[in-house]
Amino acid sequence: RVHQRVEVATVEGRRYALVNAGEGVRAMALDEANDAKTAASVTFGGACVTSLAWRAKEEGERCDLLVGLANGEVCGVDLGRWLGEKAKRATATTTRWNADGDGVNASRTTCVRWRTRGGDKENLATGFDFVSLHADGSMYTYDSSKDVVAAKFEALADASALSVAASQVPGSNPSARWHFGRHTLNAAAFSPDCRYLVVVNGAGMCRVLDVELDRPNIVAGFKSYYAGFNAVTWSPCGRYVIAGGESDMLEIWGLYEREVVAWGCGGHRSWITDVAVDERAAGEGHRFLRIASVGEDCRVAFWDWHFPEDDDLGETAARDSNTATLADQASRLSVGAARASRRAPSFVGPDANIVQSAHRDEVERLVPIMTHKLHTSPVTAVRFTAEAALTATLDEIKLWRRPSHPSRYVHDDDHEESALGFP
């Protein structure tokens, strides 16, 4: 089943909600009244759209919208030009990588992600600026600024083993294949400083890769409490990874602690399908994360998680992360040092830095500040904007506006930050 995906884009001062619909993508204008009106739509004949990713376009770049298809293809679209022309079908100006899956990978594209712009660009490998994840457990790296050159990779010696392979064709695009085993790769996210990439799969493995160098290195990660992961994202500060899936609960993992530091329980009665962090709440100097999750149970849940007391030391470690190892960073935190000594990495081979799931009595429990059945069919996507949150199902998209008056916000006497309560 193809899930509804949502991206919020801004083009020439106007905001649009981009959603997949069968073999096409619709751009829905969000006007001042927050009514969603279809401004344009485009179809990619032959395969369903399975994933979307957008980033603001800078001068000289070819495209700002990535579209993943069920046949393994990835398309790059200039959103501003498409909206201006109101094209109904993908045109010759659309860049198509791995066309029809020929020569590279014909399995379903499950996720596409732009590499975040941030950090010290001169110290980052410049070989790729986006990745595509596939149902066969493979991920490919692309450079959107280069022409499409068909790649060729040697056959996998063992489809269940982790491997990294460069294309046998010089200058090809994609340039590399990162294989993570037989299980479907469901989601990925780049850290705000673009040094790390977190990837989750249907077996419940969450791997954190250091992609600063040309060859990726699995530096940390964790195993889910139960079954597979469907969604993952980073906190705006870059210190925490939030994942959700078939365990029906959120798992918050600390980069410096190197293990799960909190579980979100009781918000869902079925699989979590997507998670998002409210950057507005996190960006106003408050010491907590406001997280939204949606699931197969038609519910939307909101969670508040307050940072550990020694988070200020974590900020110091983050500033020195370019030179310090994860062990060095963890040693600066009283929380991280204690937990690192209690739970050591427990896998072998490339996954030697991955830890098993924590025991039930070792992890902080969160309860949602709100959980409610807001749709009549499974909710597959959630996004925050400055004014609202968007949720999507296969049948509809809903926009939930933030309270317009402070008196309508949720308050907590113990935590002044909760005055930003939503909804």
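Definitions and limits used
Residues numbered from 1 in each chain as written. Predicted model: local features only at pLDDT ≥ 70, side-chain atom pairs only at ≥ 80, totals over all residues. Heavy atoms only, no water. Helix = DSSP H or I, 4+ residues; strand = E, 2+ residues; numbered from the N terminus. Buried < 20%, exposed > 50% of the residue type's maximum accessible area, 1.4 Å probe, protein only. Contact = heavy atoms within 4.5 Å. Areas by Shrake-Rupley, 256 points an atom, 1.4 Å probe, with all protein chains shown as cover. Pairing = 2+ DSSP bridges. Axes fitted to C-alpha atoms, helices over the stretch in contact; angles between N-to-C directions. Salt bridge = Lys/Arg side-chain N within 4 Å of Asp/Glu carboxyl O. Phe/Tyr/Trp six-rings, centres within 6.5 Å; stacked < 30°, edge-to-face > 60°. Lys NZ or Arg CZ within 6 Å of the ring centre and 35° of its normal. Core = buried A, V, L, I, M, F, W, Y, C linked by side-chain atoms within 4.5 Å. Polar contact = N/O pair within 3.5 Å; in protein donor to acceptor, adjacent residues only side chain to side chain. pLDDT = per-residue confidence, 0-100.

Visitor: Even after reading the chapter, I still don't get the overall build of the protein chain, so can you show me in this structure?
Guide: A count of helical and extended segments in the protein chain gives 5 helices and 30 strands. When each of the 423 residues of the protein chain is scored for burial, the buried share is 55%. If you take every contact in the protein chain between residues at least 6 apart in sequence, the share linking residues at least 24 apart comes to 53%. A total accessible area of about 18100 Å² is found for the protein chain, and carbon and sulfur atoms account for 48% of it.

Visitor: Whenever I open this one, the environment of Gly-22 confuses me. Can you help?
Guide: Tracing the backbone through its elements, the reader meets Gly-22 in the loop between strand E2 (14-21) and strand E3 (24-30). Counting along the chain gives 20 residues from Gly-22 to Val-2, while the straight-line C-alpha distance between them is 8.3 Å. Dropping the residues within four chain positions of it, Gly-22 is found in contact with Cys-48 and Val-49.

Visitor: Please explain the sheet that holds strand E24 (residues 299-306) as it appears in this structure.
Guide: Across a sheet, strands are paired by hydrogen bonds formed along the backbone, either parallel or antiparallel in direction. Ordered by their spatial adjacency, 4 strands build an open sheet running E22-E23-E24-E27, and the pairing between neighbours is antiparallel. If you trace the sheet from one side to the other, it starts and ends with strand E22 (272-277) and strand E27 (370-373), each paired once. For this sheet, the mean inter-axis angle between neighbouring strands, taken without regard to orientation, is 15°. Sheet analysis places E22 next to strand E23 (residues 288-295), joined by 5 bridges and oriented antiparallel. Paired with Ile-272 across the two strands is Gly-295, which belongs to E23.

Visitor: How should the pattern of salt bridges be read in this particular structure?
Guide: Side-chain pairs of opposite charge can arise where the charged atoms are in close proximity. The final tally for this structure, using the stated rule, is 15 salt bridges. The partner of Arg-55 in a salt bridge is Asp-129, with the nearest N and O atoms 3.5 Å apart. You can see Arg-55 sitting in the loop between strand E5 (49-54) and strand E6 (65-69) and its partner Asp-129 sitting in the loop between strand E9 (109-114) and strand E10 (130-134), a full 74 residues away along the chain. Assessed through its relative accessible area of 12%, Arg-55 is described here as buried. Taking the relative accessible area as the measure of exposure, Asp-129 reaches 14% and is therefore buried.

Visitor: Got a minute to help me understand the packing of aromatic side chains in this structure?
Guide: One pair of aromatic rings is described through two measures. These are the centre distance and the angle between the planes. Scanning the model with the defined rule gives 13 aromatic pairs in all. With centroids separated by 6.4 Å and ring planes inclined at 25°, the aromatic side chains of Tyr-196 and Trp-234 adopt a geometry described as stacked. Of this pair, Tyr-196 sits in strand E15 (residues 196-201) while Trp-234 sits in strand E18 (residues 229-234), and the two are 38 residues apart along the sequence. Here Tyr-196 and Trp-234 have matching classes, each one buried. Feature note: the residues Trp-97, Trp-114, Phe-130 and Tyr-142 constitute an aromatic cluster, connected by ring pairs. Across the ring face of Phe-128, the terminal group of Arg-115 is positioned such that the distance to the ring centre comes to 4.5 Å.

Visitor: Which parts of the structure should I look at to understand the nonpolar core?
Guide: In summary, soluble globular proteins display a tendency toward joint burial of nonpolar side chains. Membership of the largest hydrophobic core comes to 24 residues, with the highest contact counts inside it found for Val-198, Val-208, Phe-222, Val-232 and Trp-253. At the level of secondary structure, the elements contributing two or more residues to this core comprise strand E14 (185-190), E15, strand E16 (205-210), strand E17 (217-223), E18, strand E19 (240-245) and strand E21 (259-264). When sequence neighbours within four positions are dropped, the list of residues in contact with Val-232 reads Ala-187, Ala-188, Ala-189, Val-198, Val-200, Val-241, Ile-242, Ala-243 and Val-275. Ranked by size, the runner-up nonpolar core spans 22 residues in total, among them Tyr-16, Ala-47, Cys-75 and Val-77.

Visitor: Got a minute to help me understand the environment of Asn-105 in this structure?
Guide: With respect to the secondary-structure elements, Asn-105 resides in the loop between strand E8 (95-97) and E9. It is 5.9 Å that separates the C-alpha atoms of Asn-105 and Gly-72, two residues lying 33 residues apart in sequence. Setting aside residues no more than four positions away along its own chain, Asn-105 makes contact with Asn-71, Gly-72, Asn-98, His-134, Asp-136, Ser-138 and Tyr-140. A polar atom in the side chain of Asn-105 sits 2.5 Å from the side chain of Ser-107. Of the polar contacts made by the side chain of Asn-105, one reaches the side chain of Asp-136; its length is 2.9 Å.

Visitor: Would you mind going over the environment of Phe-307 with me for this structure?
Guide: One can find Phe-307 in the loop between E24 and helix H3 (311-319). Looking at Phe-307, the relative accessible area reads 13%, which means it is buried. Once the C-alpha coordinates of Phe-307 and Tyr-240 are considered, the two residues, 67 residues apart in sequence, prove to be 9.9 Å apart. Those residues in contact with Phe-307 that lie beyond four places of it in its chain are Cys-237, Tyr-240, Arg-287, Phe-288 and Leu-289.

Visitor: What am I meant to see in the sheet that holds E18 here?
Guide: Pairing is mixed in the open sheet, where 5 strands are placed in the order E18-E19-E20-E21-E26. In the strand order of this sheet, the two ends are held by E18 and strand E26 (364-366), each with one partner. Pairs of neighbouring strands in the sheet enclose a mean axial angle of 25°, with direction left out of account. Two strands pair when backbone bridges link them, and E18 and E19 are joined in this way by 5 bridges, in the antiparallel orientation. Residue pairing across strands places Ala-231 opposite Gly-244, the latter belonging to E19.

Visitor: Teacher, can you tell me more about the confidence of the model for the protein chain here?
Guide: Predicted coordinates in areas of low pLDDT are best not read in detail. Of the residues in the protein chain, 79% have a pLDDT of 70 or more, and the chain-wide mean is 82. Between residues 311-324, whose pLDDT stays under 50, and residues either more than four places distant or in other chains, the model counts 19 contacts. Ignoring residues within four places in sequence, the model shows residues 326-341, a span with pLDDT below 50, making 37 contacts including any to other chains.

Visitor: I'm lost on the pairing of E6 in this one. Help?
Guide: Regular strands have side chains that alternate between both faces of the sheet. Of all the 5 residues making up E6, 5 are buried; the element is thus mostly covered by neighbouring parts of the structure. Neither face of E6 is exposed, since Leu-65, Val-67 and Leu-69 on one face and Leu-66 and Gly-68 on the opposite face are all buried. Sheet topology note: the E5/E6 ladder contains 5 bridges and is antiparallel. Bridging from a neighbouring strand, Leu-52 pairs with Val-67 of E6. The pairing of E6 with strand E7 (residues 74-77) spans 4 bridges and is antiparallel. Within E7, the position partnered with Leu-65 by the bridge is Val-77.

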